[in-house]
Amino acid sequence: LNEVGRAITSTMDLDALVELIYHQTTRLMDTTNFFLVLYDQEKEQLDFVLHVEDGARVPRERRPLGSGLTGHIVRNRQPLHFPYGPDEFLKQQGIARIGRPSKSWLGVPMVAQDHVVGVIAVQSYAQEGAYDEDHLRVLSTIASQAAVALENANLYQQAHRRAEETEALYRIGAASAAHLGLQEICQSVYEQASVVMDTTAFYVALYDRD
C-alpha cells in the first residue's frame, strides 16, 4: 500500500494517474472487470474514465448519475460489498441493474475535501466470494489516496488551462497590435483558440453593417 501511495502521487497528469490507479489495484486484487468513475457534481454525470470488461478496455463514456449501484455510492458516500452478488440488494432498494449480473461486486467512493470525487469498483461475473473484507479495506485505502491525487491533478489541470488561455489571449492581442493584415490576425485567432479548445469546426465572420 505504501508503494501504491507513492506511485499514485508521482504524477499530476490525470490520464496517467488513472492508469496508475488501475495498475496498482491490479497488484492487489482481480481487476478483470474494473471501472474508475469521476463524478461531475455540476452536471450530475458519471464519467467512466477507465472501464475494463473481461480484461478488455471499454470506450470512455458519460452517463447520468442515475440510480445504479455507482449512483447509490455517490449519493450515500459509503462502499458497497456483495460477496455473492448484488441482486437481493438491488431488489430491496428498487435499483435497476446495469449490465450483466455479477456474482461478486465491490465498489468504494473516492472522497476528498468532504465531497465525492468518484467511485472505484471491481466485480466478477464468474466467481462468488471473489472479494472479501480485506479487499474492501485495501480498495478503500487506494480510493482514499486516489481521491486526493485526482483532486490535485484536476486543480493542476484547471490552473494549467487558465495559464494557456491567458497566454493565448496575450498572443491574439500582440498580433492585433502588430498591425498585421486581416488574414494574419484571423489566422492568429484560430491558432490561439486551438490551444484551449477543439477548433475542428471553426470560422471567423465579419459583419458588414451596410
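None of these values were measured; they are calculated from a predicted model.

Describing the overall build of the protein
Scanning the protein for helices and strands turns up 6 helices and 7 strands. The order of α-helices and β-strands along the protein, N terminus first, is α-α-β-β-β-β-α-β-α-β-β-α-α. A compact globule built from 210 residues should have a C-alpha radius of gyration of about 17 Å, whereas the protein, at 22 Å, is more than 25% larger. Judged by the C-alpha coordinates and their principal axes, the protein covers about 70 × 40 × 35 Å. Counting only residues that meet the buried cut, the protein has 41% of its 210 residues in that class. For the protein, long-range pairs separated by at least 24 residues make up 54% of all intrachain contacts whose partners lie at least 6 apart in sequence. Put simply, the protein shows about 12,400 Å² of open surface, and 50% of that area lies on carbon and sulfur atoms.

Observations regarding the nonpolar core
With 33 residues, the main nonpolar core has Ile-21, Phe-34, Leu-36, Leu-38, Met-110, Ile-120 and Leu-150 as its most contacted residues. For this core, the elements supplying multiple residues, two or more each, are helix 1 (2-8), helix 2 (14-26), strand 1 (34-40), strand 2 (45-53), strand 6 (104-112), strand 7 (115-124) and helix 5 (133-177). Looking at this core element by element, the count peaks at 10 residues for helix 5. Those residues within four positions of Ile-120 in sequence are excluded, and the remaining contacts are Ile-21, Phe-34, Phe-35, Leu-36, Leu-106, Gly-107, Val-108, Met-110, Leu-139, Ile-142, Ala-143 and Ala-146. The next biggest cluster of nonpolar side chains, apart from the first, holds 18 residues, and it includes Phe-89, Leu-90, Trp-105 and Ala-121.

Things to note about the layout of surface pockets
Estimates place the volume of the largest pocket at around 610 Å³. Leu-38, Tyr-39, Asp-40, Asn-154 and Gln-158 are, among the 18 residues lining the largest pocket, the residues nearest its centre. Residue assignment for the lining of the largest pocket shows that the elements contributing at least two residues are strand 1, strand 7 and helix 5. Looking at the lining of the largest pocket element by element, the count peaks at 6 residues for helix 5.

Calculation rules
Residues numbered from 1 in each chain as written. Predicted model: local features only at pLDDT ≥ 70, side-chain atom pairs only at ≥ 80, totals over all residues. Heavy atoms only, no water. Helix = DSSP H or I, 4+ residues; strand = E, 2+ residues; numbered from the N terminus. Rg over C-alpha atoms; globule rule 2.2 N^0.38 Å. Buried < 20%, exposed > 50% of the residue type's maximum accessible area, 1.4 Å probe, protein only. Contact = heavy atoms within 4.5 Å. Areas by Shrake-Rupley, 256 points an atom, 1.4 Å probe, with all protein chains shown as cover. Core = buried A, V, L, I, M, F, W, Y, C linked by side-chain atoms within 4.5 Å. 1 Å grid on protein atoms, 1.4 Å probe; cavity = no way out; pocket = protein on both sides within 12 Å on 5 of 7 lines; lining within 4 Å. Points joined across faces, edges and corners; volume = space filled by probe spheres on them.

Remember, this is a structural readout, not a statement about activity or role.
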